[in-house]
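Geometric and topological summary
Given next are the chains, with one letter for each unit.
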Amino acid sequence: MPRRSLAPVFLLLGSLALTAACSTGSPPADSAPSPDGPSRTRGNDTGSQADLTKLKGVNIVSDSSTDRSCPWATSYPDVPGAGAITAAMKKDVKVRLAGFLGEDVGGPPSCGGADGSQGPELNVSFSFLVSSGDVLGVRLTTVDRTSNADGTDTRAYWYDGAAKKYRPSFGLIADGSRDAFVSALKKRLEKREGVTPETVDAALNDQENRDAYLDDMAFTADGDLEVDFDRGTVGVPPAGRISVTLPKTTVTPWLSDFGSRAQKQTTDPDDKLDLGATHTPAPTVAAQPDPGEDTTDCSKAKCIALTFDDGPATPETGTLLKYLAQYKARATFFVVGQNVATHPDIVRAEVQSGHEVANHSWNHPVLTNLTSAQIRSQLQRTSAAIKAATGKEPTLFRPPYGAIDGKVRAATSLSPVLWDVDTLDWKFHDPAKVARTVISQAKPNDVVLIHDIHPASVAAVPEVLRTLTARGYHFVTVSHLRATL
Ligand code: NI
């Protein structure tokens, strides 16, 4: 991937609703979408829950820090039968995180040296473009706010279930048609403000570079092909992100066999996704018996609120629900919207098992780095996904990294929840250490931060429940704690 020098672009993280861009005429100075502005759906880019229910056995691979001085969160889907696309995403995410943490150069972390007022941040989020027939398309959006590489980078990954192969975006175009395709693209690009024949030639003439520059291509619902360029790649940086759409009639003759199938599955999707997986894991998450009305009075009894962030995750959340049920313990789940949309059944099981579900944003950005409209969108989209999954709107939210200010508070009516005990489980992945931290630090009425995306964290829970129950603690939801104190 070419190294790019980028300035901040404040994309609505994760929504990927692109502003309308056309192949001719004057583009917007920056095609970064406004969360409240007009949006165009591209294929299944909105990730409707109806579409995502086809994704049986999908696992969202999430990781994050809670370190406010070095905030990072990454996630990508692992779809059964599509190991090659998962491997490609995993590799890219690993490289990006290593770069952000400075591990690639053995030097100080990029996030330690940022001079921007907004602070460093790495966020990789996903959305499904197509999940139909033998075609899977996933877009990863990376926001990297560091002194080295500030900006937004998108990449579309494709999986060809018939050939069982990962296809980069440029693989949508047939080998023999690539020159014709690139020529047509150049003609359209050169009409855009901030783009010159020289800047386009520099990016696209070298055949070796093409895969890297043409790394975000996907079809619109009408079958046109949209090609997205990151800021500063084919034009001058002030021109921002540039999106070019080739009409269906123009692009169709140039498509590869896989490109044709991807186009068809975008415009006219099959009822199901069949990637030829020989084994689809059975659903692992069942609701546990609801312990019933909680009559604990936390002004008299010793209460504790265990909170589990960043999920739902499979199979970890299902395992956790079993542990909690064994002790009739209630907890609060601060869920991430993009995971709720993929696993509404797990969130439903959380509520049915007597737990509280609350909002942890759509894709875990530092909310204080966003505009008010973007903050609203992050929280509203997530609350809507929770409501769709459970029938209930959440009343609480936890800002990722605990990063909150007046702007964030003003953007929502949800009540913020931080924490008293941070297990730092994201760092240590050690069940004994996580259990020890909770048991040694927790005091009556504390809120404890754990992540149910990590197996080691979930594995720590039985010891916490056993020991603290023996010491007379009651495990309550955050709302219950607040209501009875
Ligand atoms: Ni979190």
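Residues numbered from 1 in each chain as written. Predicted model: local features only at pLDDT ≥ 70, side-chain atom pairs only at ≥ 80, totals over all residues. Heavy atoms only, no water.

1. So, the sheet that holds strand 8 (residues 225-229)
As summarised here, the arrangement of the three strands in space is 7-8-9, forming an open sheet in which the pairing is antiparallel. A single partner strand is all that each edge strand has here, and the edge strands are strand 7 (217-219) and strand 9 (242-246). With strand direction ignored, the average angle separating the axes of adjacent strands in the sheet is 25°. Across five bridges, strand 8 lies against strand 9 in antiparallel orientation. (Pairing = 2+ DSSP bridges. Helix = DSSP H or I, 4+ residues; strand = E, 2+ residues; numbered from the N terminus. Axes fitted to C-alpha atoms, helices over the stretch in contact; angles between N-to-C directions.)

2. What to know about the pattern of salt bridges
Summed over all chains, the structure comprises 19 salt bridges. The partner of Glu121 in a salt bridge is Arg145, and the shortest N-O contact between them spans 3.2 Å. One end of the pair, Glu121, is in strand 3 (residues 121-132); the other, Arg145, is in strand 4 (residues 135-145), and 24 residues separate them in sequence. For Glu121, a relative accessible area of 0% translates into the label buried. (Salt bridge = Lys/Arg side-chain N within 4 Å of Asp/Glu carboxyl O. Buried < 20%, exposed > 50% of the residue type's maximum accessible area, 1.4 Å probe, protein only.)

3. Concerning the packing of aromatic side chains
Evaluation of the coordinates by the stated rule reveals seven aromatic pairs. With a centroid separation of 6.3 Å and 80° between ring planes, the pair formed by Phe181 and Trp254 is classed as edge-to-face. A residue pair is termed long-range when its members are at least 10 positions apart, and Phe181 in helix 3 (residues 178-189) and Trp254 in the loop between helix 6 (248-251) and helix 7 (257-267) qualify at 73 residues. By the burial criterion, Phe181 is buried, and Trp254 matches it. An aromatic cluster is defined as three or more aromatic residues linked by ring pairs; in this entry it consists of Phe170, Phe181 and Trp254. One cation-aromatic arrangement involves Arg178 over Phe170; the distance from NZ or CZ to the ring centre is 4.2 Å. (Phe/Tyr/Trp six-rings, centres within 6.5 Å; stacked < 30°, edge-to-face > 60°. Lys NZ or Arg CZ within 6 Å of the ring centre and 35° of its normal.)

4. Points about the sheet that holds strand 3
Strands belonging to one sheet form pairs held by backbone hydrogen bonds; the direction of such a pair is parallel or antiparallel. In spatial order, the strands read 1-2-3-4-5-6; together these six strands make up an open sheet with mixed pairing. Edge strands, defined here as strands with exactly one partner in the open sheet, are strand 1 (59-64) and strand 6 (165-168). Neighbour to neighbour, the strand axes of the sheet diverge by 20° on average, direction disregarded. Sheet topology note: the strand 1/strand 2 (residues 72-78) ladder contains six bridges and is antiparallel. Directly across from Ser64, in strand 2, lies its bridge partner Ala73.

5. Quick look at helix 4 (residues 197-204)
The set of residues buried in helix 4 consists of Val200, Ala203 and Leu204. Taken down its axis, helix 4 places every buried residue within 80° of arc, on the same side. In helix 4, those exposed residues whose orientation departs by more than 90 degrees from the buried face are Glu198 and Ala202. Tucked into the core, helix 4 has its buried residues touching helix 3 and helix 5 (207-213). (Arc of directions from axis to C-beta. Contact = heavy atoms within 4.5 Å.)

6. Structural notes on the nonpolar core
Judged by nonpolar contacts, the single largest core of 38 residues is most densely connected at Leu306, Phe308, Leu324, Phe333 and Leu468. Among the elements that take part in this core, helix 15 (residues 455-470) stands out by supplying six residues, more than any other. Leave out the neighbours within four places in its chain, and Leu324 touches Ala329, Ala331, Phe333, His355, Val461 and Leu465. In this structure, Ala156, Met217, Phe229 and Val244 belong to the second largest nonpolar core, which totals 35 residues. (Core = buried A, V, L, I, M, F, W, Y, C linked by side-chain atoms within 4.5 Å.)

7. Side note on the environment of Asp228
Its location among the elements puts Asp228 in strand 8. Considering only alpha carbons, one finds Asp228 and Ala218, 10 residues apart in sequence, at a separation of 8.7 Å. At a separation of 2.8 Å, a polar atom in the side chain of Asp228 contacts the side chain of Ser243. (Polar contact = N/O pair within 3.5 Å; in protein donor to acceptor, adjacent residues only side chain to side chain.)

8. Some words on the state of the cysteines
Applying the stated criterion across every chain, the model contains one disulfide. Paired through a disulfide, Cys298 and Cys303 show a sulfur-sulfur distance of 2.1 Å. Because the sign of the S-S torsion sets the handedness, a value of about -85° for the bond joining Cys298 and Cys303 places this disulfide among the left-handed ones. Accessibility assignment for this pair places Cys298 and Cys303 in one class, buried. (Disulfide = S-S within 2.5 Å.)

9. Some remarks on unusual backbone geometry
Residue Pro312 is reached from Gly311 by a cis peptide bond, and omega for that bond is 0°. At His429, a position not held by glycine, the phi torsion is positive, near 50°. One can find His429 in the loop between helix 13 (425-428) and helix 14 (431-441). Judged by relative accessible area, His429 falls into the partly exposed class, the value being 39%.

10. Looking at the environment of Arg178
Within the secondary structure, Arg178 is located in helix 3. Dropping the residues within four chain positions of it, Arg178 is found in contact with Phe170, Gly171, Ile173 and Arg210. Only 3.3 Å separates the side chain of Arg178 from the backbone oxygen of Ile173, close enough to count as a polar contact.

11. Details of the packing of helix 14 against helix 15
Where helix 14 contacts helix 15, the axes come no closer than 8 Å and their chain directions differ by 40°. The angle between helix 14 and helix 15 falls in the class oblique. In this structure, helix 14 meets helix 15 at a crossing whose hand is right-handed. Between helix 14 and helix 15, the contacting residues are Pro431, Val434, Ala435, Val438 and Ile439 on the first element and Ala456, Ala459, Ala460, Glu463, Val464, Thr467 and Leu468 on the second. Considered class by class, the residues forming the contact of helix 14 with helix 15 number 10 nonpolar, one polar and one charged. (Parallel < 35°, antiparallel > 145°, perpendicular 65-115°, else oblique. Left-handed = near helix turned anticlockwise from the far one by under 90°. Nonpolar A, V, L, I, M, F, W, Y, C, P; charged D, E, K, R; others polar.)

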